[in-house]
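Each chain, written out:
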Amino acid sequence: MTTKELYEELNYVNHSREKRLYYANLVIDNPDLIPKLLDILFMVDDKISCRAAWVFEFMCGEKLETIILYLDQFTEQMHRVHLDPAVRPVAKVCEYLAKAYYGNYETLIKSALLPKHKEKIVEACFDWMINDEKVAPKAYSMSTLFLFGKDIDWIYPELKIILERDFQTQSAAFKARARQILKKINK
């Protein structure tokens, strides 16, 4: 399948779990589609890029190791994503990566996720925290930053400042996650 054919195929992706999972499995079963999916995802001004992001998130949720060969491309370009429906899944993939890296199970992500990747993820997550994003990317970013803060000592003080500063003006969902993260930081 060419990039153009995949692009056309993504027109059939909608918010349903069934459709996103179908296309995620299609990509998992055909790894040659991953770079094409990423090319579409990073057409950041195109609405179809959001659908590519949904499929990419589901692909990573099903089989995170499929991202390993594309960590450079993903982390180098993810900061360009700006449409709300695409930012959320990209932030979720960052959280998947952080959880896999810090999880109790041995995973290939632990050796594949390099300091340069972590740096780009941390940078993007802080951008999502301080920019006018919806609550979901902020929540995923909080969790991701908390995990990376275990090894990067400057993250907790910066994250704490942002969470405390924004606490009063944000939604109940933001406050709930911020409370959890602040409690963990202050332990």
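Residues numbered from 1 in each chain as written. Predicted model: local features only at pLDDT ≥ 70, side-chain atom pairs only at ≥ 80, totals over all residues. Heavy atoms only, no water.

What follows covers the environment of Tyr96. Tracing the backbone shows Tyr96 in helix α6 (residues 84-102). Classification of Tyr96 as partly exposed rests on a relative accessible area of 23%. Each C-alpha atom, one on Tyr96 and one on Asn11, is 26 Å from the other, the two residues being 85 residues apart in sequence. If sequence neighbours within four positions are ignored, Tyr96 has contacts with Glu57, Cys60, Gly61 and Leu64. (Helix = DSSP H or I, 4+ residues; strand = E, 2+ residues; numbered from the N terminus. Buried < 20%, exposed > 50% of the residue type's maximum accessible area, 1.4 Å probe, protein only. Contact = heavy atoms within 4.5 Å.)

Looking now at helix α2 (residues 17-29). With 13 residues, α2 extends 18 Å from end C-alpha to end C-alpha; this agrees with the ideal 18 Å at 1.5 Å per step. Considered for burial, the residues of α2 that qualify are Arg20, Tyr23, Ala24, Val27 and Ile28. Taken around the axis of α2, the buried residues stretch over an arc of 145 degrees, which confines them to a single face. Among the exposed residues of α2, those pointing more than 90 degrees away from its buried face are Glu18, Tyr22 and Asp29. Buried-residue contacts for α2 involve α1 (3-9), α3 (34-41), α4 (48-62) and α6. (Expected span 1.5 Å × (residues − 1). Arc of directions from axis to C-beta.)

A separate point is the packing of aromatic side chains. With the rule as written, the count across this model stands at seven aromatic pairs. Judged by centre distance (5.4 Å) and plane angle (35 degrees), the ring pair of Phe56 and Phe74 falls under tilted. Of this pair, Phe56 sits in helix α4 while Phe74 sits in helix α5 (residues 71-77); the two residues are 18 residues apart in sequence, bridging distant segments of the chain. For the pair Tyr101 and Phe148, a centre-to-centre distance of 6.5 Å together with 50 degrees between the ring planes defines the contact as tilted. Of this pair, Tyr101 sits in helix α6 while Phe148 sits in helix α9 (residues 135-148), and the two are 47 residues apart along the sequence. When its relative accessible area of 18% is taken as the criterion, Tyr101 is described as buried. Taking relative accessible area as the criterion, Phe148 reaches 0% and is therefore assigned buried. (Phe/Tyr/Trp six-rings, centres within 6.5 Å; stacked < 30°, edge-to-face > 60°.)

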